[in-house]
Amino acid sequence: MINSPRLWKLAALLLVCAGLNLHAQELTFLGGGMARADFKQSSYTWQIDYRQDLYRYLATSIAYINEGHVPGHHRDGTAWEMWGELPLFNNRLSLALGAGPYYFYDTQPLPGGDTANVHGTAVIFSFSATAYFSDRWFTRFMINRINPTNDMKVDTAAVGIGFWFGRDKKPTPGKLGDAANEHDYVTENELTLFAGQSVVNTLFSAKAFAYALEYRRGVMPHLDWTASFIYEGDPQIVRRNGFATQIWPVNTFFNERIAVGLGVGPYVFIDRRHPANPAQKIPVSVAPLVSLTFSVRLSEHWLVRTVWDRVVSNYNRDSDVFLVGLGYRWL
């Protein structure tokens, strides 16, 4: 299995790169259909895409792609791509070709009713056509070819709507987000209490109530550190809880009212449905934890934050933990 945290660190760097002339920060939500390359099976697809222009004809992106459900496969993953772009009609239309690595999680059935969480990498090739109908809103059509060596090959086609983030019609060159001073991006002390739901990645998607407590602090501009306690509930096939620490490249928009970020780090847990090997003196295990977050400041001190955690297990018990919480900030 490829080292997932290493790939997510690369993705985070692509997402928040700030050393070049930045001309667009685009977030797109798309939905459509997928089909296996042999046309034997088809399903739905949906995608969240964040794209960052580096130069006039060159961009980079990170995207989450859900490939739907076909017999024997429930697959999703994260793509990191470089794009060559061709702007047309006074920048109102843009055609682009992209390619890069795709890290996937494929839930597959096992004999006897159990489930395997297969992790792997593939090459992804993409084409997009984007029409800008205002200074902030646009619509995008995208085609992907996901081409793993030892798993199913898939084509997806989706259309969606997107939003450009930034203060003016064009962002300030060399800056992330829209603050006048780059150092304004250092996050204050923040304590957030979350509640939500955990979903174990099996063919039956067992669910349970979950909660978490997170302490967050900015360590430098565009970089946060967190320490969290996570309880994933009791969906019968796991009963997992533990502590996590993560590093988060972050970006903020609209005078720091909105923030987005990617987190990666170790999750030290105890699973009471799957106890550690009796030979282990300490009954704990460690898994990579990769996360997305989105927050909105309500006032000087209060905020609402959402977090999507993906627990990457090595015993076929991957899970997604969806959380929303109320947080308090102070200096």
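Model, not experiment: these values are computed from the prediction. (Residues numbered from 1 in each chain as written. Predicted model: local features only at pLDDT ≥ 70, side-chain atom pairs only at ≥ 80, totals over all residues. Heavy atoms only, no water.)

## Observations concerning the overall build of the protein
The helix and strand inventory of the protein stands at 1 helix and 16 strands. With 331 residues in all, the protein has 51% of them scored as buried. In the protein, the share of contacts with a sequence separation of at least 24, taken over all contacts with a separation of at least 6, comes to 57%. Here the protein displays about 15,200 Å² of accessible surface, and carbon together with sulfur accounts for 64% of that area. (Helix = DSSP H or I, 4+ residues; strand = E, 2+ residues; numbered from the N terminus. Buried < 20%, exposed > 50% of the residue type's maximum accessible area, 1.4 Å probe, protein only. Contact = heavy atoms within 4.5 Å. Areas by Shrake-Rupley, 256 points an atom, 1.4 Å probe, with all protein chains shown as cover.)

## A short note on the pairing of strand β16 (residues 319–330)
Here 12 bridges tie strand β9 (residues 189–200) to β16, and the two strands are oriented antiparallel to one another. The partner of Q197 across the bridge, within β16, is F322. Strand direction decides the pairing type here: strand β15 (residues 302–311) and β16, joined by 10 bridges, are antiparallel. Along β16, the bridge assignment pairs V311 with S319. (Pairing = 2+ DSSP bridges.)

## Points about the sheet that holds strand β3 (residues 58–70)
Within the closed barrel, the 8 strands sit side by side as β1-β2-β3-β4-β5-β6-β7-β8. Their pairing is antiparallel. Taken pair by pair, the neighbouring strands of this sheet meet at an average axis angle of 25 degrees, ignoring direction. Bridge count for strand β1 (residues 25–36) against strand β2 (residues 42–55) is 11 bridges, and the pairing is antiparallel. Directly across from G31, in β2, lies its bridge partner W46. (Axes fitted to C-alpha atoms, helices over the stretch in contact; angles between N-to-C directions.)

## What to know about the environment of Y55
With respect to the helices and strands, Y55 occurs in strand β2. Spatially, the C-alpha atom of Y55 lies 9.8 Å from that of G84, the residues being 29 residues apart in sequence.

## Some details on the pairing of strand β5 (residues 93–109)
Sheet topology places strand β4 (residues 73–88) next to β5; 13 bridges connect them, and they run antiparallel. Residue R75 lies in a different strand from β5, and its bridge partner there is D106. What sits between β4 and β5 in their antiparallel hairpin is a turn of 4 residues, with F89 showing a positive phi close to 50 degrees. The sheet contact formed by β5 and strand β6 (residues 115–132) spans 17 bridges and is antiparallel. What sits directly across from G98, in β6, is S126. The hairpin turn running from β5 into β6, its antiparallel successor, is 5 residues long, and G112 in that turn takes a positive phi close to 95 degrees.

## Details of unusual backbone geometry
Phi angles above zero are rare outside glycine, and F254 is one such case at about 55 degrees. Position of F254 among the secondary structure elements: in the loop between β12 (240–253) and β13 (258–271). We classify F254 as partly exposed; its relative accessible area is 26%. In this model, E256 sits at a positive phi of 70 degrees, which is unusual for a non-glycine residue.

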